[in-house]
Amino acid sequence: MVIDHQRPRGPRTLAARAAPDLAAALRSDVGSGTVRSLTLLVPDPHARFAAVTLGARFFVDTVLADGYGVCSYVFAWDPAREPVAAPVFEPYTATYGDLRMRPDLATLAPLPGEPGSWLVVCDVEWPDGRPVPIAPRTALRDQLTAAEAAGLVPSVGIEHEVTFTDPSGTPLTPGGLDYATLDPLRGLLAAVESDVDAAGLGVESRRGECHPGQYESVLGHRDALAACDDAMLQQLVIRRAAAAHGVRAGYLAAERPGTGGSCHVHLSLSDADALDHFVAGVLHAAPDLTAIWAPTWNSYVRLRTAPFAPRELRAGADDRTAALRIVGRGDSRRVEVRLAGADAQVHLVVAAILAAGRHGVRESLSVPAGARLHDTPWAARHALAGSALARALLGDAMVDARVALLDEELATGLDSVSDWQRTRGDLRR
């Protein structure tokens, strides 16, 4: 028996997603020695995975039934994996106890280049079974449950732009690569694309992007959980393949002023007639949720300087200058939400889109006029912290957690000395 790890295309309810029983195939492959280890992955607040690798026999004998522990501070740490002091994080850092990881076998994927090694994404819960409200994957599950209750089943495709640089941060090409043949990067991309294909993630298209060293590998539409999990898995695989060639694969929102690295979310609904109100809801909530789309100091370089950054909030038909681009006709209509940078936490981005869109459908909202995203992190922080709408959409715990993480980001930036500051100081001589 062989594990079927191919991702079904198109929309899928949570129940349909959970229906295939992959445990028997996994046990069989473990018994035959085809699967020797499994790495458990949990999406953290900083758009990366917390990981632990287990022996395959232990996994199928114990972890499938009982779960496995991960220290609770993984949802309360900064990018350097140091705990962030804030009241919302006290339950996670008071004792540094364990949360329980619950593997989602629908996410199984082989680890390219390491035969017998597999990856699996996990949900998390407290030991007594309570949900973890600040876990990004929990937030997305909650929004999908609410959307399904309202008769809305989304299909989602994620576009992440990655920039390949040398270790010093210099892009591997001096000019943009928009629709180029990519010959200058062919050796690197052959390895990257081979590994992504080996993971079975279902690539739909690949192309050069508009900035130096920039590239995009787009996965096909699938259910929202799979779209977000697989987008992060693809990032992991691309980073590993690039590092093996001595190259950095960067997912900054802006590698330098005037450039942008984005996370574009293509979303269609089972009820196409609801799309206009859905779009209106996203645009209504977008300013208050700026800190979700733009979670880092670097995010605001993209919003302030990148040529296609969504500063002005409007929808447009097949218009890449619009924050929300409407594409297709009839039942094939979809929206491309162009708000988030490549540094945003993708599960939380899609959860926020679903929450805001569902609000628009419920309230029969119309597209607002004249709205804009906040273009400084301080304004975004103030808007999120004080937004009754954001708290209604995402919950107090998630809002307080994101505010605390942005506070830490700002404090660390203000306590740091950058090359820009040195250059600025030299200009004053």
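Residues numbered from 1 in each chain as written. Predicted model: local features only at pLDDT ≥ 70, side-chain atom pairs only at ≥ 80, totals over all residues. Heavy atoms only, no water.

Engineer: It is not clear to me how the overall build of the chain should be interpreted in this structure. Could you clarify?
Structural biologist: When helices and strands are counted, the chain shows 15 helices and 14 strands. Taking 22 Å as the expected radius of gyration for a compact globule of 429 residues, we find that the chain reaches 21 Å, a close match to that expectation. Split into buried and exposed, the 429 residues of the chain put 56% on the buried side. Of all intrachain contacts in the chain linking residues separated by at least 6 positions in sequence, the fraction that spans at least 24 positions is 73%. Each charge sign in the chain was given a centre, from 42 positive and 52 negative side chains, and these centres are 3 Å apart. (Helix = DSSP H or I, 4+ residues; strand = E, 2+ residues; numbered from the N terminus. Rg over C-alpha atoms; globule rule 2.2 N^0.38 Å. Buried < 20%, exposed > 50% of the residue type's maximum accessible area, 1.4 Å probe, protein only. Contact = heavy atoms within 4.5 Å. Lys, Arg positive; Asp, Glu negative; His and termini not counted. Charge placed at Lys NZ, Arg CZ, Asp CG, Glu CD.)

Engineer: Looking at this structure, I do not really get the packing of helix α5 (residues 136-149) against helix α7 (residues 224-244). What am I missing?
Structural biologist: Each pair of packed helices can be described by the angle between their axes along with the distance between the axes. For the pair α5 and α7, the least separation of the axes is 10 Å and the interaxial angle reads 160 degrees. Considered as vectors, α5 and α7 are oriented roughly antiparallel to each other. By crossing handedness, the relation of α5 to α7 is classed as right-handed. Across the interface between the two elements, Arg137, Leu140, Arg141 and Leu144 of α5 pack against Ala224, Leu225, Cys228 and Asp229 of α7. Considered class by class, the residues forming the contact of α5 with α7 number five nonpolar, no polar and three charged. (Axes fitted to C-alpha atoms, helices over the stretch in contact; angles between N-to-C directions. Parallel < 35°, antiparallel > 145°, perpendicular 65-115°, else oblique. Left-handed = near helix turned anticlockwise from the far one by under 90°. Nonpolar A, V, L, I, M, F, W, Y, C, P; charged D, E, K, R; others polar.)

Engineer: I'm lost on the nonpolar core in this one. Help?
Structural biologist: Generally speaking, soluble globular proteins have nonpolar side chains that are buried together. In terms of nonpolar packing, the biggest core is built from 91 residues, with Phe164, Leu289, Trp293 and Leu339 touching the most fellow members. Among the elements that take part in this core, α7 stands out by supplying 11 residues, more than any other. Counting 42 residues, the second largest nonpolar core, distinct from the first, contains Val74, Phe89, Cys122 and Ala404. (Core = buried A, V, L, I, M, F, W, Y, C linked by side-chain atoms within 4.5 Å.)

Engineer: Help me out: how do you make sense of the pairing of strand β2 (residues 49-55) in this one?
Structural biologist: Both faces of the sheet carry side chains from a regular strand, because those side chains alternate between them. When strand β1 (residues 37-43) meets β2, the two strands line up antiparallel, connected through seven bridges. Across the sheet, Leu40 pairs through a bridge with Val52, a residue of β2. Count of turn residues in the β1/β2 antiparallel hairpin: five residues, of which Ala47 carries a positive phi of about 65 degrees. (Pairing = 2+ DSSP bridges.)

Engineer: I would appreciate a short explanation of the environment of Ala76 in the present structure.
Structural biologist: By secondary structure assignment, the location of Ala76 is in the loop between β3 (68-71) and α4 (90-93). The sequence separation of Ala76 and Ala404 amounts to 328 residues, and the corresponding C-alpha distance is 9.2 Å. Excluding residues that lie within four positions of it along the chain, Ala76 makes contacts with Glu82, Pro83, Val84, Phe89, Tyr92 and Thr93.

Engineer: When you look at helix α2 (residues 23-31) in this model, what are you seeing that I'm missing?
Structural biologist: Among the residues of α2, those classed as buried are Ala23, Ala25, Leu26, Asp29 and Val30. Down the axis, α2 shows its buried residues gathered within 160 degrees of arc, on one side only. Gly33 lies just past α2 and shows a positive phi near 85 degrees. (Arc of directions from axis to C-beta.)

Engineer: How do you make sense of the environment of Glu312 when you look at a structure like this?
Structural biologist: Among the structural elements, Glu312 can be located in the loop between α10 (299-305) and β12 (315-317). Sequence separation between Glu312 and Ala352 is 40 residues; the distance between their C-alpha atoms is 19 Å. Those residues in contact with Glu312, other than ones at most four positions away along the chain, are Ala323, Ala371 and Arg372.

Engineer: Looking at this structure, I do not really get the packing of aromatic side chains. What am I missing?
Structural biologist: Each aromatic ring pair is described using two quantities: the centre-to-centre distance and the angle formed by the ring planes. For the structure on display, the rule yields six aromatic pairs. In textbook terms, an aromatic cluster arises when at least three aromatic residues are bridged by ring pairs, as seen for Tyr73, Trp77 and Tyr96. The ring of Trp77 has Arg81 sitting right over it, with the charged end atom 5.2 Å from the ring centre. Over the face of the ring belonging to Tyr179 we find Arg207, whose NZ or CZ atom lies 4.1 Å from the ring centre. (Phe/Tyr/Trp six-rings, centres within 6.5 Å; stacked < 30°, edge-to-face > 60°. Lys NZ or Arg CZ within 6 Å of the ring centre and 35° of its normal.)

Engineer: Would you mind showing me how to read the side chain of His211 here?
Structural biologist: Inspection of the secondary structure puts His211 in the loop between β8 (203-208) and β9 (214-219). Judged by its relative accessible area of 11%, His211 is buried. The contacts of His211, once residues within four sequence positions are left out, are Gly175, Gly176, Leu177, Gly258, Thr259, Gly260 and Pro307.

Engineer: Help me out: how do you make sense of the state of the cysteines in this one?
Structural biologist: Disulfide: a covalent bond formed between the sulfur atoms of two cysteine residues. Within this structure, the stated rule accounts for zero disulfides. Take Cys122: it sits in no disulfide, and the sulfur closest to it among the cysteines is that of Cys71, at 16 Å. For Cys122, a relative accessible area of 1% gives the class buried. (Disulfide = S-S within 2.5 Å.)

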